Amino acid sequence: MISLFRLAAAGLIAFGTTCISMAAIAQQGPIKIGIPTSIQLQVGRDTQNAAKMAVEEINAQGGLLGRKLEIVVADETENPEQGIAAIKKLTADDKVDVLIGGYTSGVTLAQLPHISNAKTIYIGIGAASPSITAKVKADYDNYKYIFRVCPINAAHQARALVDFINGKLKGDLKFTKIAIVGENAKWVQDLVPILKKGAAEGGTDVRLAEFFDTSTSDFSPLFAKVKESGAQYLIVILSHASSDIFVKQWYDAQVPIPIGGIDVKSQDADFFSRVGGKAISETVALFAVRAPMTPKTIPFWDEFVKRFGTAPVYTGVGAYDAIHVYADAVRRANSLDNDAVIKALEKTDMVGIAGKIQFDEVHDVKTGPGLQNLIFVQWQANADRIVVWPKDSQTGKMISPPWLGN
Amino acid sequence: MQRVPWIDVLGGLIVLGVLALVPMFATSNYLTGVLTVCAIYGIWASSWDFMSGLTGRENFGHALFIGSGAYTAGFMATAWYLNPWYSLPAAVAVAVVFSLIVGFPTLRLRGPYFALAMLSASAIMQRLCLIYWEYTGGEEGLYGLDPIIRSPLHYYWFVLAILAVTVLILTLLAHAHWGLLLRAIRGDEATCQAAGINVTFYKIASLMISAAFTGLGGALYAHYQLQVSPPLFSVVVSITVIIMAYVGGVGSIYGAAIAAILLTLLTEMLRGFGEYRLWVYTLTLMLILFFLPGGLVAPAWRRLTARLR
Amino acid sequence: MLQILIYGAVSSAIYAMLAVGFTLIFGVARILNLAHGSFYALGAYSAFTMTSLLGLPLLVAAPLSVLVVALFGVVMERLLVRPLRQSQLAVLMITLAVSLAVEQALFLTFGSEYRNVPSFIAEKIAIGGVDISGQRLLALAVGVAVLLALWLVIQRTRLGAAILAVSQDPEAAQYMGIPTNRIFSIVMAISAGTAALAGILVSPFLTVQPGMGLLPMVKAFAIVIVGGLGSIPGSIIAALILGYSETAVAYLASTAWTELVSLVAVVATLMIRPSGIFGRRAAF
């Protein structure tokens, strides 16, 4: 029998060591994740909620390197000045270990020098302009901190749209004349030239390509111009602009041209009901739908809907993936040291919600088979979202606007 | 020339000293950054007060000078890659030119007419920046400027020094013959003209002076943010500056500067309220504007130091 | 061409409704009410709340909203503006603060996303080959009707005569036994009500978001100055000029230039004829 004394001694030693190590961990504190996002918008809310989900999952399994993860949110609105203030607050005041967030390309671009000065890793989950990651190669030492997990950049998106135009619009529906309208924002300015070129090369006639002010509230002149141009389909590129109004005015005036393209606000699960059903037949590009794109998709989707009552928009998907990507890299690097984590991040090859996540030479997420891609989904009756492109993911037939018959 | 009360000078020096020393006790650069923005707003508010406060012509387009100074700095940095120091005098020059362009045609206007004319001028510039987005960067503006001074603390002291010089010069002018004439013009312009005073010269000159300091502030702001965009021309910015001058006590100049610092600090300190931040801020503003129509800073200071004058 | 004619008329009618209220309260009470845009926004949001959240039919919600906002205007004038009447600058600032507070309150209550207000008329109507939504035509019709009604009230009724009297000389009017303070309240109610009505009419097809009052406010200000502060016919004509020039530019050139045209028109007017088209108050 082990003497009571020895038992007590062992117990004390075990207890003491535990205390000391807990104290050591407690002294190190949690790993802080700074989230600059537009908190009043749905993209911001979903970013925070998805991040919370990911952080809770990781913490439940013991945290990262033995430390808990903690989230600090800062409102960057859609204004570069506020965005810069948010970054300064997160890095200088809250002293976060990593930044995960973003939405407006212009704001992110304005934040870059400040992020670089703060020497903090930044993983973008919402802004699409290729200019954001361009500096990674041009000035690696200062800008190696920048990564993008979501969305695929505007150039990739343009190519995906071209594929939609050539394959679905021209191939299936035999539309040969299209019009392109987009809000006058950086990512659209980057995207449209590639779109025009790709469409023309595919044999489609681009009758009209116009930018409009993001704050435009009356689109009737624009619709009139599109009608006059003889286009058969209207490709829209919208993110910050008032998609609600655009769609409502399109429906109310019964513009005889179907619409589709990239429309971020229309990704909101309640968009259809918000505009009184007037979004019917609009086709929108999404990154993920509730389908088994990877083993993670459906469990994430259902859990998100259960907890927050709404299906996630693209930034929610991105935020969840980004936190796991970061955690994965930190584990592989076994340290929080910037250079080590950056090297580990560069070698990321992880299964995300919509596909595999890998980075190219400018730290931008890759697109391609099995990786991150766009799918085209159409709003149909009863707020159903039917996948209409690519062909192998199709879940239904594409419909026309109700006033155009068939 | 009216003497500047020694108590005001002492007060100013104390405030300056406190502002300069506070960041040294902070644990991070965050406070320094916030105070830098506070100081820049101080420059804008006090220069607005000099012109509009003394002459009684509320300039609702102050953002025009802010934006032109900032964009000058922006273009010089991103299009011509010039040394950031050059953008300071350039910004002053450009802002002054703009003040001449809008000043002459609007000379004879006053009251809401002048306000609207100036507002339209700054709104036109904002529009032009958006329309010619290929040159001006459109909504997202120009980014990638270099800081003038790399160390945030030293840059802050630099901006603070400029603020001090601004307030000093404007206060001296206001207490001198100049200020007297501007106030006379506010009282009764026709009489001034009849008395042989070159009213036109004084009105234009005061606008130019106001613009010069404001443009300088704009360039300082650009080199702090490292980015410029069209909202700098917006009516919201003009209104913010006017509110600061008003809370400070219109016509006092130092009041505007102090109020600018206080109000900017307030917006930062209210971050704890989260979404309610701006709501609390606006309510506070409403209370101040309602109960203290003469302003907060200058009247309070004068009451406080009444015995020592 | 026909498109410009019709759409321009709609724009002008909305602008006129906004401007007339603004000029009325200035002409009568010498108040530059910078909270005017808030009435516009409150009208739209009130309609939204009543239809979406309370489930009231639109025909009930609209007049109720107008009343609610009119009441808000009267209360604001009584509590916040009247004590500060001596200083025009103070009134300017407090109404400005009110507009900021309203924007923030709307933002906190409803969020920053655009809200949906259902249309009165859901059909599309084609006039001579031009497609226009029924709602827009309704806005035009109601706008014209309201302006006519207002004109009739001012020209033909005793209330109108009292309003005119107060706007010409408040003191003399008081000596004549006209209750000036009550007239101020009534005019404020009319001013707020017309702005709210404009907001309700356009909300189905334009943006409903917390900051929606700022741009219309600036436009109303511009129109009123161009037309002459205090002159209702001036405001209407200026509204027509602005509405049509904006629409013409939007269709012929591009939507990006519309704002610029209005602004340049304003500046030009101020330089050529500073007191506005029918302005009586001296601008200098």
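Here is what the cut-offs are and how they apply
Residues numbered from 1 in each chain as written. Chains lettered and ligands numbered in written order. Predicted model: local features only at pLDDT ≥ 70, side-chain atom pairs only at ≥ 80, totals over all residues. Heavy atoms only, no water. Helix = DSSP H or I, 4+ residues; strand = E, 2+ residues; numbered from the N terminus. Rg over C-alpha atoms; globule rule 2.2 N^0.38 Å. Buried < 20%, exposed > 50% of the residue type's maximum accessible area, 1.4 Å probe, protein only. Contact = heavy atoms within 4.5 Å. Areas by Shrake-Rupley, 256 points an atom, 1.4 Å probe, with all protein chains shown as cover. Lys, Arg positive; Asp, Glu negative; His and termini not counted. Charge placed at Lys NZ, Arg CZ, Asp CG, Glu CD. Pairing = 2+ DSSP bridges. Axes fitted to C-alpha atoms, helices over the stretch in contact; angles between N-to-C directions. Buried area = accessible area lost by both parts, 1.4 Å probe. Salt bridge = Lys/Arg side-chain N within 4 Å of Asp/Glu carboxyl O. Core = buried A, V, L, I, M, F, W, Y, C linked by side-chain atoms within 4.5 Å. Polar contact = N/O pair within 3.5 Å; in protein donor to acceptor, adjacent residues only side chain to side chain. Phe/Tyr/Trp six-rings, centres within 6.5 Å; stacked < 30°, edge-to-face > 60°. Lys NZ or Arg CZ within 6 Å of the ring centre and 35° of its normal.

(A) Structural detail: the overall build of chain B. Regarding its fold elements, chain B presents 14 helices and 2 strands. For 309 residues, the compact-globule estimate of 2.2 N^0.38 gives 19 Å, and chain B sits close to it at 19 Å. When its C-alpha atoms are laid out on the principal axes, chain B stretches across 50 × 45 × 35 Å. By residue count, 59% of the 309 residues in chain B fall in the buried class. Long-range contacts, defined here as pairs at least 24 residues apart, represent 80% of the contacts in chain B between residues at least 6 apart. Summed over its atoms, the accessible surface of chain B is roughly 12300 Å², and 71% of this surface lies on carbon and sulfur atoms. Between the centroid of the 15 positive side chains of chain B and the centroid of its 11 negative side chains there is a distance of 13 Å.

(B) Geometry of the sheet that holds strand S6 (residues 177–183) of chain A. Residue and element names in this part refer to chain A. Strand order in the open sheet made by the 7 strands is S7-S6-S8-S9-S10-S13-S14, with mixed pairing throughout. Across the chains shown, the open sheet's two edge strands, defined by having one partner strand only, are strand S7 (205–212) and strand S14 (384–389). Within the sheet, the average angular offset between the axes of one strand and its neighbour, ignoring direction, is 25 degrees. On top of the sheet, helix H8 (residues 186–201) reaches S6, S7, strand S8 (233–238) and strand S9 (259–263); it is set at about 170 degrees to S6, its chief contact.

(C) Quick peek at the environment of Gln61(A). Residue and element names in this part refer to chain A. Tracing the backbone through its elements, the reader meets Gln-61 in the loop between helix H2 (42–60) and strand S2 (69–75). Taking relative accessible area as the criterion, Gln-61 reaches 69% and is therefore assigned exposed. In the structure, Gln-61 is positioned 154 residues away from Ser-215 in sequence and 45 Å away in space, judged by C-alpha atoms.

(D) Representation of the interface of chain B and chain A in the model. Facing the 20 residues of chain B at the interface are 25 residues of chain A. Summed over both partners, the interface of chain B with chain A comes to about 2100 Å²; 53% of that surface belongs to carbon and sulfur atoms. For the chain B face of the interface with chain A, the top three residues by lost area are Tyr30(B), Trp133(B) and Glu140(B), together amounting to 28%. A salt bridge links Arg127(B) to Asp213(A); the nearest nitrogen and oxygen atoms lie 2.7 Å apart. Counting residues per element, the ones that place at least two in the side of chain B that touches chain A are helix H2 (29–55), helix H5 (111–131) and helix H10 (199–225) of chain B.

(E) Representation of the pattern of salt bridges in the model. Within this structure, the stated rule accounts for 25 salt bridges over all chains. Glu201(A) is the salt-bridge partner of Lys197(A), the closest N and O atoms lying 3.6 Å from each other. Separated by 4 residues within a single helix, Lys197(A) and Glu201(A) lie in helix H8, roughly one turn from each other. Ionic pairing is found between Glu189(B) and Arg57(B), a salt bridge with its closest N-O pair at 3.0 Å. In this pair, Glu189(B) sits in helix H9 (residues 189–194) while Arg57(B) sits in the loop between H2 and helix H3 (63–78), placing the two residues 132 residues apart along the sequence. With relative accessibility at 15%, the residue Glu189(B) sits in the buried group.

(F) Focus on the nonpolar core. With 187 residues, the main nonpolar core has Phe65(B), Leu163(B), Leu220(B), Ile243(B), Met76(C), Ile183(C) and Leu270(C) as its most contacted residues. Broken down by element, the residue count for this core peaks at 15 residues, all from H2(B). Met76(C) has contacts with Asn33(C), Ala35(C), Phe39(C), Val81(C), Thr95(C), Val98(C) and Met188(C), leaving out every residue within four places of it along the chain. By size, the runner-up hydrophobic cluster in this structure holds 82 residues, among which are Ile33(A), Val55(A), Trp301(A) and Ala319(A).

(G) Broad picture of the interface of chain B and chain C. Of the residues lining the interface, 35 residues belong to chain B; the matching set on chain C comes to 42 residues. Around 3500 Å² of area is buried between chain B and chain C when both sides are counted, 84% of it from carbon and sulfur atoms. Across the contact surface, chain B and chain C share 0 salt bridges. Taken together, the connections running from chain B to chain C amount to 0 residue pairs in polar contact (both at pLDDT 80 or more).

(H) Inspection of the sheet that holds strand S3 (residues 98–101) of chain A at higher detail. All names here are of chain A. Strand order in the open sheet made by the 5 strands is S2-S1-S3-S4-S5, with parallel pairing throughout. The open sheet terminates on both sides in strands that have one partner only, identified here as S2 and strand S5 (146–148). Direction aside, the axes of adjacent strands within the sheet are offset by 25 degrees on average. Looking at chain direction, S3 and strand S4 (residues 121–124) are connected through 4 bridges and run parallel. Opposite Gly-101, over in S4, you have Gly-124 as the bridge partner. Running at roughly 150 degrees to S2, helix H3 (residues 80–93) makes contact with strand S1 (31–37), S2 and S3 of the sheet.

(I) Main features of the packing of aromatic side chains. For the coordinates displayed, the defined rule picks out 33 aromatic pairs over all chains. Arranged with centres 5.0 Å apart and planes meeting at 80 degrees, the rings of Phe290(B) and Phe291(B) form a pair that is edge-to-face. Given a relative accessible area of 18%, Phe290(B) falls into the buried group. On the basis of relative accessible area, Phe291(B) is assigned to the exposed category, the value being 57%. Taken together, Phe164(A), Phe175(A), Tyr233(A) and Phe376(A) form an aromatic cluster joined through their ring pairs. The cationic tip of Arg57(B) hangs over the ring face of Phe114(B); the distance from NZ or CZ to the ring centre is 5.7 Å.

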